[in-house]
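Breakdown of the fold
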Amino acid sequence: MGSEDDTGFEPATGDGPLAPGPAEKRAASVRTAWEGLLQIRRLTNTGRAAPETVPAQWELHRTVRAVALALEAAGVPASAVDASGQRVATGYRVQEGGTPGTVRVEWLGPPGSGAVHEEDAELTRCAAALGQSGWTALLYRGPRRRRFLEVEP
């Protein structure tokens, strides 16, 4: 895997590897990407009192990426997997939702990590962060009584 310098920035969805390199460098990349997204909102959501608080049309075509960036910019940790697909970090996982235009956010961790016991509080934290960035997040209970968020603009 290349560095962000040669491949471009990708927000953490929770299904990729742990972010390589120093945490400070990743945090700076996230801040830059988030500020860029807010600028897109300002330029495209004209006519709104607070254009930064509404997802831009650009985000609606990249919902997984936009939601992952909002969570990462809010300081919520992402889950991660190793090369074999085994979960190695506890945090959010963002993926396409069950209906077009929606995103599903789960709280996952390695076996024995206790992620299941944290999911209610952490998904509530995710929902609050997403609400502040213009997304609507509804908490549901799915199979095996695991909770998840369904997110839409």
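Residues numbered from 1 in each chain as written. Predicted model: local features only at pLDDT ≥ 70, side-chain atom pairs only at ≥ 80, totals over all residues. Heavy atoms only, no water.

**Describing the overall build of the protein chain**
Here is the rule: Helix numbers and strand numbers start at the N terminus; a helix is a DSSP run of H or I with at least 4 residues, a strand a run of E with at least 2. Buried means the residue's accessible area, taken with a 1.4 Å probe over protein chains only, is under 20% of the maximum for its type, while exposed means over 50%, and partly exposed covers the values in between. Using a 1.4 Å probe, accessible areas were evaluated by the Shrake-Rupley method; residue-level cover was limited to the displayed protein chains.
The number of helices and strands found in the protein chain is five helices and six strands. Along the chain direction, N to C, the helices and strands of the protein chain fall in the order α-α-α-α-β-β-β-β-α-β-β. Of all 153 residues assigned to the protein chain, the portion counted as buried reaches 37%. For the protein chain, the computed accessible surface area is about 8,400 Å², with 53% contributed by carbon and sulfur atoms.

**Structural notes on the sheet that holds strand β5 (residues 136–141)**
The condition that has to hold: For two strands to count as paired, DSSP must find a minimum of two bridges between them. All axes here are fitted lines through C-alpha atoms, helices being fitted over the stretch that makes contact, and every angle between N-to-C directions spans 0 to 180 degrees. Whether two residues are in contact is decided by their heavy atoms, any of which lying within 4.5 Å being enough.
With antiparallel pairing, four strands are arranged side by side in an open sheet as β3-β4-β6-β5. The sheet terminates laterally at β3 (91–96) and β5, the two strands that pair on one side only. Adjacent strand axes in the sheet meet at a mean angle of 30 degrees, parallel and antiparallel pairs treated alike. With six bridges connecting them, β3 and strand β4 (residues 103–108) associate as antiparallel partners. Paired with Gln95 across the bridge in β4 is Arg104. Along the sheet, helix α4 (residues 63–73) contacts β3, β4 and β6 (147–152); its crossing angle with β3, the most-contacted strand, is approximately 165 degrees.

**Concerning the side chain of Arg41**
Topologically, Arg41 is positioned in helix α2 (residues 23–44). Using a relative accessible area of 0% as the deciding quantity, one classes Arg41 as buried. Look past the residues within four positions of Arg41 in its chain and what remains in contact with it is Pro51, Glu52, Thr53, Val54, Pro55, Ala56, Glu59, Ser133 and Trp135.

**Comments concerning the packing of α2 against α4**
Keep this limit in mind: Note that the term roughly parallel is reserved for angles under 35 degrees, roughly antiparallel for angles over 145, roughly perpendicular for angles of 65 to 115, and oblique for everything else. In a left-handed crossing the near helix is turned counterclockwise from the far helix by less than a right angle, and in a right-handed crossing that turn is clockwise.
Direction vectors running N to C along α2 and α4 enclose 125 degrees, while the axes themselves pass 10 Å from each other. With respect to their mutual orientation, α2 and α4 come out oblique. As for the relative orientation of α2 and α4, their crossing is left-handed in sense. Every residue of α4 that contacts α2 at Arg26, Val30, Ala33, Trp34 and Leu37 is listed here: Leu69, Ala70, Glu72 and Ala73.

**Focus: the environment of Arg65**
If you trace the backbone, Arg65 turns up in helix α4. The spatial distance from the C-alpha of Arg65 to the C-alpha of Arg42 is 19 Å, given a sequence separation of 23 residues. For Arg65, the contacting residues outside a window of four places in its chain are Phe9, Glu10, Pro11 and Trp58.

**Quick notes on the confidence of the model for the protein chain**
What counts, and what does not: The score called pLDDT rates the predictor's confidence residue by residue, from a low of 0 to a high of 100.
Taken residue by residue, the protein chain gives an average pLDDT of 93. The fraction at 70 or more is 95%. Note on residues 1–6: pLDDT under 50 across the span, and seven contacts to partners over four residues away in sequence or across chains.

**Examining the pattern of salt bridges**
The condition is simple: Within this document, salt bridges are pairs made up of a side-chain nitrogen of Lys or Arg and a carboxyl oxygen of Asp or Glu, the two lying within 4 Å of each other.
Applying the stated criterion across every chain yields a total of 11 salt bridges. A salt bridge links Arg87 to Asp15, with the shortest nitrogen-to-oxygen separation between them at 3.0 Å. Note that Arg87 is positioned in strand β2 (residues 87–89) and Asp15 in the loop between α1 (4–7) and α2, a separation of 72 residues in sequence. Owing to a relative accessible area of 16%, Arg87 belongs among the buried residues under this scheme. Accessibility expressed as a relative area gives 34% for Asp15, which makes it partly exposed.

**Structural notes on the packing of aromatic side chains**
Applied cut-off: When the centres of two rings from Phe, Tyr and Trp lie within 6.5 Å, Trp using its six-membered ring, the rings pair. Their planes under 30 degrees apart give stacked, over 60 give edge-to-face, and anything left gives tilted. Should the NZ of a Lys or the CZ of an Arg lie within 6 Å of a ring centre and within 35 degrees of the ring normal, that charge is described as sitting over the ring.
As enumerated under the stated definition, the model contains one aromatic pair in all. An angle of 25 degrees between the planes, with centres 5.7 Å apart, marks the rings of Tyr140 and Phe148 as stacked. The exposure class of Phe148 is buried, given its relative accessible area of 12%. When the ring centre of Phe148 is taken as reference, the NZ or CZ atom of Arg104 above it lies at 3.7 Å.

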